[in-house]
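Residue strings, one per chain:
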Amino acid sequence: MKIIECNLPRNGNFTRRSKTDEVILHHAEASSATVWDINDWHLDNGWTGIGYHYYIRKDGSVYRGRPEWALGAHAVGHNDRSIGICCEGAYMTETMPAAQLASLKALLRDIMGRYGKLTLLRHKDVNSTDCPGKNFPWSEAQNYMNEEKEDDEVIETKNVLVDGKEYACECIEKGGNNFVKLRSLSQAGYSVVFDAARQLPAITAPQCRTFVPDGDEAVQDAIDTLQEKCGLEEKTINYLRRYEYGDELVTKLAKAME
Ligand SMILES: [Zn+2]
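Residues numbered from 1 in each chain as written. Predicted model: local features only at pLDDT ≥ 70, side-chain atom pairs only at ≥ 80, totals over all residues.

Quick question: what am I supposed to make of the overall build of the protein here?
For the protein, the helix and strand inventory stands at eight helices and 10 strands. When each of the 258 residues of the protein is scored for burial, the buried share is 29%. Contacts in the protein between residues far apart in sequence, at least 24 positions, make up 65% of those at least 6 positions apart. (Helix = DSSP H or I, 4+ residues; strand = E, 2+ residues; numbered from the N terminus. Buried ≥ 20, exposed ≤ 12 C-beta atoms within 10 Å, placed from the backbone. Contact = placed C-beta atoms within 7 Å.)

Is there a simple way to explain the nonpolar core in this structure?
Most often, soluble globular proteins keep nonpolar side chains buried together rather than apart. If you look at the biggest cluster of nonpolar residues, it comprises 30 residues, and the most contacted ones within it are Val 35, Tyr 54, Tyr 55, Ile 56, Ile 85, Leu 104 and Leu 107. If you list the elements that add at least two residues to this core, you get strand S1 (22–27), helix H1 (35–44), strand S2 (54–56), strand S3 (62–64), strand S4 (82–87) and helix H2 (98–115). A total of five residues in this core trace back to one element, the largest contributor, which is H2. Discounting chain neighbours no more than four positions away, the residues touching Tyr 54 are Val 62, Arg 64, Gly 65, Ile 85 and Leu 107. (Core = buried A, V, L, I, M, F, W, Y, C linked by C-beta atoms within 7 Å.)

Explanation requested: the pairing of S4 in the structure shown.
Taken residue by residue, a regular strand's side chains alternate between the two faces of the sheet. When you tally the buried positions in S4, you get six out of six residues, the bulk of the element. Across three bridges, S2 lies against S4 in parallel orientation. In the strand pairing of S4, Ile 56 is matched with Cys 87. (Pairing = 2+ DSSP bridges.)

Whenever I open this one, the sheet that holds S3 confuses me. Can you help?
Spatially, five strands are ordered S3-S2-S4-S1-S5 in an open sheet, and the strand pairing comes out mixed. The sheet terminates laterally at S3 and strand S5 (119–122), the two strands that pair on one side only. Ignoring which end each strand starts from, the neighbouring axes of this sheet average 25° apart. Taken together, the six bridges between S1 and S4 define a ladder with parallel strand orientation. When the sheet's bridge partners are listed, His 27 is paired in S4 with Cys 87. (Axes fitted to C-alpha atoms, helices over the stretch in contact; angles between N-to-C directions.)

Could you clarify how one ought to interpret the environment of Arg 17 in this entry?
Structurally, Arg 17 is set in the segment before S1. For Arg 17 and Trp 69, which are 52 residues apart along the polypeptide, the C-alpha to C-alpha distance reads 5.9 Å.

Rendered as structure tokens:
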């Protein structure tokens, strides 16, 4: 199970959950949102960080929210006994893409495989809410043990390096050639689309950069300079660092400001 670790900013330490006998499913109630967006919203609520333990995007990529052992903040009265999973999307009106449903089922198999069978619930089963929406594929989710079979047999796993981080991609054999499965790439956080203009598949590396929140001394100095000289908020600076630009740009900007 490929879980993307993001080192999300948090405000304080998490408390350990005393027991685990439920898994509770949610939707983001947002058509498009990154795990950082959700984390920011929940920090703005005054919480320690993202309330969910897992976040699944529509492309099927799975992100870690707060640590799995931590007391969640997603279902009143059930946080002390449950793992919370949130799916990107607004499933009062939208329909869940197949890749996202497949990842949800794979994650449920992974969790149940480690804890034994936990009670699977929707948010609305325990609190007064519409979450996860009337179009949420509840019967399919409950049928998580039933994995969609694929024709292509995975023959090996290849590691792909992105931003210095290794992703395991499944490979299939066809006509004597070894191919990395596109779905596997998209689960590793790549965006895989078909460029209609050029008639080529277009693959973009993940924007998720793993970084040490404090950075090294040089980066920390650069952040301080940017805050003082440009009045940039820490959130904005972290955005620059986290997305495609990286620490290098932050350091360069700070140098230019000195
Ligand atoms: Zn919910």
